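# Observations on the three-dimensional arrangement
Given next are the chains, with one letter for each unit.
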Amino acid sequence: MTEYLIRRILQSVLVLFLITLVTFALIHAAPGGPAQIFLSPNMSQEAAKVQMHNLGLDKPVYIQYIRWIGDLLQGDLGYTFKNHIPVGDILWPTVKNTIVLMSAAWFLAMLIAIPWGIYNSTAEYGLSDQTASIISYIGFAMPTFWFGIILQEIFALKLDWLPLSDMWTMGKEGQPSDLLLHLVLPVTVLTLGFLAAYVKYSRSSMLEVLHQDYIRTARAKGVQERRVVFRHALRNALIPIITILGLDLPMLVAGAALTENVFNWPGMGRLFVNMALAREYSVLMAITLIVAVMVIIGNLIADLLYALVDPRVQLGRKGGRAA
Amino acid sequence: MGNVRKWATSFLVLMLIGLVIAGCTNSEKTPDTEPTVTPESTAGTGTENDTDENKPVDGGTLTVGTFSDIVTVNPIFVQDTSSGDAVTLLYAYLYDLDRSGNVTVEPWSLAAEKPQISADGKTYTVKLKNTAKWSDGQPVTADDLIFTFDTIRNPDVGSPGISQFDKVDSIEKVDDHTVNIKLKQVYAPFQYSLFSQLVPAHVLKDVPAAELQKHPYGTDPAKTVTNGAWKWSEWKQTQYLSFEADPNYWGQKPHIQKVIYKIYADQNTEVQALIKGDIDMVQAIPVTQVDAVKGQSNLRVILEPGPQYEYLGFNFDPKNFKDNFVPFGTQKTRQAIAYALNRQGMVDNVLKGTGLLMNAPFLPNSWANPGDAAVNYNYDKEQAKKLLAEDGWVAGDDGILVKDGHRFSFELQYNAGNSRREQVSAVIQQNLKDVGIEVMPKGIDFAAWVDQNLTPGKYNAILLSWSLSNPDPDAESIFSSKYFPPTGQNSGWYKNEKLDELWVKGYSTVDQNERKEIYKEVGKEISTDLPYIFMYQYGLPQGINAKVQYAEEHRPEPTLAYGYLYNIINWWIKG
């Protein structure tokens, strides 16, 4: 197990390095670099060149990359190009804000969807199941930002019950009740998005297991239905669900750019869009790196959880993987 | 390793999304990509009518919505609108502008009197008020002025304002509050270089030139010493900035106690926030939303053309065309195109009935407007066809005109995502199709467009606009053959010797009446020769909550740069 973990972590470091390399190269290959930010009717090409030089943007890309990775190894995420602000100063507050928003939606979706999906698998095509289907279709089909605008229109403007956008009312920063009010609309939007997938997955995963022979055997020998569902079926059905949850874990940090934009939530998704438009590559690199780390952690956690719920999975042994 | 592939895939998707976003166009970086305007102001609750409430009250907060964050408030490096807004609140101008764009002195200007220009037109004497102070209590002196201008002039600094000072020969201190600025030659637009802010020499004088841009002055509120009515209290990057009335401000105190600039990532949300009352002012409401805002009784919308105009720009470099043939290479053909375009129709339909037609690169309301001296091209298809026929164009098999074996077909580029230009380019396409010219509109991401087409001057034709940061009519750097790409802004490689000379003549005298005559001639020549088809002047609809009050003489002035904050020191918030 320890050996397995060490191997996974070493692999991860290598992969992270490759990711930064590829991302850095791709970002710099995209047309319209930071130089174009300096375009203005008042600004001559010479002045722009001097600025590029003073900001170190005129160095070859590989030199810039070596510098960047060197700083990173010392725990320094670098500075924004245009105004030399430490990337961490901009980034870390948004990470926190995104985690608040996304985990609220994620837990809520999980709490609703998994029990609901399980129930629906036992009452296939019943009213509850049909309702879940409709909600899932809506959740999949409706663009989240559009749903957000509709909610804003109704609850913030027409009814005036809830705040329109942002995380806090100006001057009420830090008040939990103010935060809760601001969470309602974006969490509703995001929960619907998560819910749509989770309810479907948990239902179908349960159904698949419930149709297995050993379940029939259990029922045939007179095991209580409750026990069949929760003891025999659920444990196996959870494996694919855990995969999905693990894959969604990075979302908790990466945020949902569109929803964050519509609700002006000061999170990392909104920051990413903002900084992409501003061509602030150092911030983009930092965000990419954080999300990459989260993807790796999410997968690792999912793999470890397999082992917990499924004794057949023996981590670290070749060919021992189920699922 | 199935899981490696699994997360490698999710990662790739993420990166692609990032790239797509990075490739998306952005409006605030352009000098000009914002939507349009209607010229009459739809008065909601006019402040000037209710005499009871006409008395200013002190206190209150003005919350302004904006679409993009600042870069720096150091005036030496400011070039984007958001940073410019902040600077306007934080710093006193050396000189201010009156509503007609003349350099003037207000009680809140740093200068004590108008600049004295010597008889030979080369020396400007600037006298500072002896009352002005920095927010740290130090007096504003001649040293600050000299330091600021010398820093901008220093090529190692990289100030975007450097070209405004390239005619300066020397700057000399006469006494603590008086400075003489000597120019190498007579250069009339220089008066507008004095419409600027100063930075404190005592804070920045020991910073090496190449380090200035990285210096926290301008990005750290605690280290940014200013001299305006408000001082910088807070900056939460990408979220908001706040400014508090400076208790030690040297002039008459502003009425508004606190100004907050709140940054919205989504323009729709920004407008909703204005309607809901979360914010009190938005400087650029998208045209599509203007009607929604107009319907609100608590809001007023100011719709007037601003200091920017749109044009259809031709490229004259044969290398950019198939067989090295420039289809609009002759004056007659360009005039035919001007006749073929229904500009008033565009103003009526795309700009919703407003915007002002123009025929020369001078704003219709400026003192340099050549008026009837410039040729006006009415929408006249028949005249267009006649001119094209005279110029040797004949209809080909597919209905498109042909001359010497060359089809009259060109690509018209604009920045993708700008809905006004999308619509206008479609109208241009249709209008020109009617006279047998094939236009292929193409939207390109703004940054990539600048990089690959505008800067190197590689395109057939463009739809773009200029926004004018000061009211001077000089436009040599756009139209003169001295300013060819890639270093100059004459990206269409236009050359007209007569105009080259006229531009020089225009700035070589400080006599405004004489200049007016010269720009009349420019207007006549440029509207005849047509390096551009000049389209219209347009503006950005400003939305203001009724609780923001100002006397009529202090109302916003949309025709000036940053005019939506005009005289804000005299505005107040109704409780």
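Residues numbered from 1 in each chain as written. Chains lettered and ligands numbered in written order. Predicted model: local features only at pLDDT ≥ 70, side-chain atom pairs only at ≥ 80, totals over all residues. Heavy atoms only, no water.

- Per an unreviewed UniProt entry, chain B goes by Peptide/nickel transport system substrate-binding protein and derives from Paenibacillus prosopidis.
- Here chain B is described in UniProt, under the heading Sequence similarities (unreviewed entry), as follows: "Belongs to the bacterial solute-binding protein 5 family." (UniProt positions renumbered as here; feature names shortened; annotations may be inferred.)

- The name an unreviewed UniProt entry assigns to chain A is Peptide/nickel transport system permease protein, from the organism Paenibacillus prosopidis.
- The record in UniProt for chain A states the following under Sequence similarities (unreviewed entry): "Belongs to the binding-protein-dependent transport system permease family."

## Examining the domain arrangement of chain A
All names here are of chain A.
- Partitioning chain A into structural domains gives domain 1 (2–73) and domain 2 (92–309).
- Taken together, the contact between domain 1 and domain 2 spans 18 residues of the former and 14 residues of the latter.
- Counting the surface lost from both domain 1 and domain 2, the interface buries some 1400 Å², and carbon and sulfur atoms represent 79% of this.
- The largest per-residue losses of area from domain 1 upon contact with domain 2 belong to Arg8, Leu16 and Ile27, which jointly make up 32% of the total buried on that side.
- Joining domain 1 to domain 2, the criterion identifies 1 salt bridge. (Domains from an automatic or database assignment. Contact = heavy atoms within 4.5 Å. Buried area = accessible area lost by both parts, 1.4 Å probe. Salt bridge = Lys/Arg side-chain N within 4 Å of Asp/Glu carboxyl O.)

## Looking at the packing of helix H8 (residues 331–340) of chain B against helix H10 (residues 381–390) of chain B
Residues and elements named next belong to chain B.
- Running from amino to carboxyl end, H8 crosses H10 at an angle of 165 degrees, the nearest separation of the two axes being 8 Å. The angle between the axes of H8 and H10 places the two elements in the roughly antiparallel class. Crossing of H8 against H10: the hand is left-handed. On H10, the residues that touch Lys332, Thr333, Gln335, Ala336, Tyr339 and Ala340 of H8 are Lys381, Gln383, Ala384, Leu387, Leu388 and Glu390. (Axes fitted to C-alpha atoms, helices over the stretch in contact; angles between N-to-C directions. Helix = DSSP H or I, 4+ residues; strand = E, 2+ residues; numbered from the N terminus. Parallel < 35°, antiparallel > 145°, perpendicular 65-115°, else oblique. Left-handed = near helix turned anticlockwise from the far one by under 90°.)

## Some details on the sheet that holds strand S17 (residues 406–407) of chain B
Residue and element names in this part refer to chain B.
- The 3 strands are arranged S15-S16-S17 in an open sheet whose pairing can be described as antiparallel. The sheet is open, and its two edges are formed by strand S15 (394–395) and S17, each paired on a single side.
- Inspection of the sheet shows S15 paired to strand S16 (residues 401–403) by 2 bridges, in the antiparallel sense. Within S16, the residue paired with Val394 across the bridge is Val402. (Pairing = 2+ DSSP bridges.)

## Comments concerning a positive patch on the surface
- On the surface, a cluster of positive charge is contributed by Lys221, Arg227, Arg231 and Arg235 of chain A.
- Tracing the backbone shows Lys221 of chain A in the loop between helix H8 (213–220) and helix H9 (225–254). (Patch = residues over 30% accessible without salt bridge, like charges linked within 9 Å, V, L, I, M, F, W, Y side chains within 5 Å. Areas by Shrake-Rupley, 256 points an atom, 1.4 Å probe, with all protein chains shown as cover. Lys, Arg positive; Asp, Glu negative; His and termini not counted. Charge placed at Lys NZ, Arg CZ, Asp CG, Glu CD.)

## Looking at the packing of aromatic side chains
- If you walk through the whole model with that rule in mind, you get 38 aromatic pairs over all chains.
- Considering the side-chain rings of Phe81 of chain A and Tyr281 of chain A, the 6.0 Å spacing of their centres and the 80 degrees angle between planes classify their relative orientation as edge-to-face. Note that Phe81 of chain A is positioned in the loop between helix H3 (61–73) and helix H4 (87–122) and Tyr281 of chain A in helix H12 (residues 281–309), a separation of 200 residues in sequence.
- Here Tyr281 of chain A falls in the buried class, since its relative accessible area comes to 4%.
- When the ring of Tyr550 of chain B is compared with that of Trp571 of chain B, the centres are 5.1 Å apart and the planes differ by 45 degrees; the resulting orientation is tilted. (Phe/Tyr/Trp six-rings, centres within 6.5 Å; stacked < 30°, edge-to-face > 60°. Buried < 20%, exposed > 50% of the residue type's maximum accessible area, 1.4 Å probe, protein only.)

## Things to note about the UniProt feature "domain: ABC transmembrane type-1" (unreviewed entry) in chain A
- Look at the UniProt record and you will see "domain: ABC transmembrane type-1" (unreviewed entry) annotated at residues 95–302 of chain A.
- Helix makes up 81% of residues 95–302 of chain A and strand 0%, with an end-to-end C-alpha separation of 22 Å.

## A short note on the side chain of Arg8 of chain A
- Looking at the element boundaries, Arg8 of chain A is found in helix H1 (residues 2–29).
- There is a polar contact of 2.6 Å between the side chain of Arg8 of chain A and the side chain of Tyr4 of chain A. (Polar contact = N/O pair within 3.5 Å; in protein donor to acceptor, adjacent residues only side chain to side chain.)

## So, the domain arrangement of chain B
Residue and element names in this part refer to chain B.
- Looking at the assigned domains, one finds that chain B contains domain 1 (56–90 + 228–304 + 539–574), domain 2 (92–210) and domain 3 (308–538).
- Summarising the inter-unit geometry, the C-alpha centres of domain 1 and domain 3 are found 34 Å apart.
- Across the interface of domain 1 and domain 3, roughly 460 Å² is buried in total on both sides, 61% from carbon and sulfur atoms.
- Per-residue buried area on domain 1 facing domain 3 is highest for Val287, Gly539 and Thr559; these three make up 66% of the total on that side.
- Linking domain 1 with domain 3 are 0 salt bridges, by the criterion used here.
- For the pair domain 1 and domain 3, the interface holds 0 residue pairs in polar contact (both at pLDDT 80 or more).
- For the side of domain 1 that touches domain 3, the residue count by class is 4 nonpolar, 2 polar and no charged. (Nonpolar A, V, L, I, M, F, W, Y, C, P; charged D, E, K, R; others polar.)

## Re the sheet that holds strand S4 (residues 116–117) of chain B
Residues and elements named next belong to chain B.
- In spatial order, the strands read S4-S5-S7-S6; together these 4 strands make up an open sheet with antiparallel pairing. The open sheet is flanked by S4 and strand S6 (168–175), the only strands paired with a single partner.
- Looking at chain direction, S4 and strand S5 (residues 123–127) are connected through 2 bridges and run antiparallel. Paired with Ile117 across the bridge in S5 is Tyr124.
- Here helix H3 (residues 142–153) sits on the sheet and contacts S5, S6 and strand S7 (178–183); the angle it forms with S6, its principal contact strand, is near 170 degrees.

## What to know about the pairing of S5 of chain B
All names here are of chain B.
- Between S4 and S5, which pair antiparallel one after the other, the connecting turn spans 5 residues, and Gly121 there sits at a positive phi close to 75 degrees.
- Here S5 runs beside S7; their pairing, made up of 5 bridges, is antiparallel. In the sheet register, Val126 faces S7, and the bridge partner there is Val179.

## Re helix H6 (residues 267–276) of chain B
Residue and element names in this part refer to chain B.
- In terms of burial, H6 is a largely internal element, 8 of the 10 residues being buried.
- Every buried residue belonging to H6 is among Asn268, Thr269, Glu270, Val271, Gln272, Ala273, Leu274 and Ile275, and all of these are buried.
- Two or three places before Asn268, at the start of H6, stands the capping residue Asp266, its side-chain oxygen 2.9 Å from that residue's backbone nitrogen.
- Two residues or fewer past H6, Gly277 is found with a positive phi of approximately 100 degrees.

## A short note on the pattern of salt bridges
- In this structure the tally under the stated criterion is 33 salt bridges over all chains.
- Here Arg153 of chain B and Asp150 of chain B are joined by a salt bridge, their closest N and O atoms 3.3 Å apart. Taken together, the residues Arg153 of chain B and Asp150 of chain B, both in helix H3 and 3 residues apart, mark about one turn of the helix.
- Classification of Arg153 of chain B by relative accessible area gives partly exposed; the value is 24%.
- The exposure class assigned to Asp150 of chain B is partly exposed, which follows from its relative accessible area of 30%.
- The salt bridge partner of Lys182 of chain B is Glu172 of chain B, with a shortest N-O separation of 3.6 Å. Here Glu172 of chain B lies in strand S6 and Lys182 of chain B lies in strand S7, a separation of 10 residues in the sequence.
- Overall, Glu172 of chain B belongs to the partly exposed group, its relative accessible area being 37%.
- A network of salt bridges, in which partner residues are shared, links Glu124, Asp129 and Arg203 of chain A.

## What about the pairing of strand S10 (residues 258–263) of chain B?
All names here are of chain B.
- Where burial is concerned, most of S10 is hidden: 5 out of the 6 residues are buried.
- Bridge count between strand S9 (residues 240–245) and S10: 5 bridges; the pairing is antiparallel. In the strand pairing of S10, Leu241 is matched with Tyr261.

## What about unusual backbone geometry?
- Within the chain, Asp166 of chain A stands out as a residue other than glycine whose phi angle is a positive 75 degrees.
- Among the secondary structure elements, Asp166 of chain A is positioned in the loop between helix H6 (144–158) and helix H7 (176–210).
- Positioned with a positive phi, Tyr562 of chain B is a non-glycine residue whose angle comes to about 60 degrees.
- Summarising the element assignment, Tyr562 of chain B is placed in the loop between strand S23 (548–549) and strand S24 (572–573).
- Classification of Tyr562 of chain B as partly exposed rests on a relative accessible area of 23%.

## Here we look at the environment of Leu271 of chain A
- By secondary structure assignment, the location of Leu271 of chain A is in helix H11 (residues 268–277).
- Along the sequence, Leu271 of chain A and Ala109 of chain A sit 162 residues apart, while their C-alpha atoms lie 24 Å from each other.
- If sequence neighbours within four positions are ignored, Leu271 of chain A has contacts with Ile90, Leu91, Thr94, Val283 and Ile287 of chain A together with Thr238 of chain B.

## Some words on a nonpolar patch on the surface
Residues and elements named next belong to chain A.
- A cluster of nonpolar side chains, contributed by Phe145, Trp146, Ile150, Ile154, Leu159, Trp161 and Leu258, occupies part of the molecular surface with about 680 Å² of accessible area.
- Here the nonpolar patch gets 4 residues from one element, more than from any other, and that element is H6.
- Here Ile154 is to be found in helix H6.
- In this structure Ile154 comes out as partly exposed when scored by relative accessible area, which is 36%.

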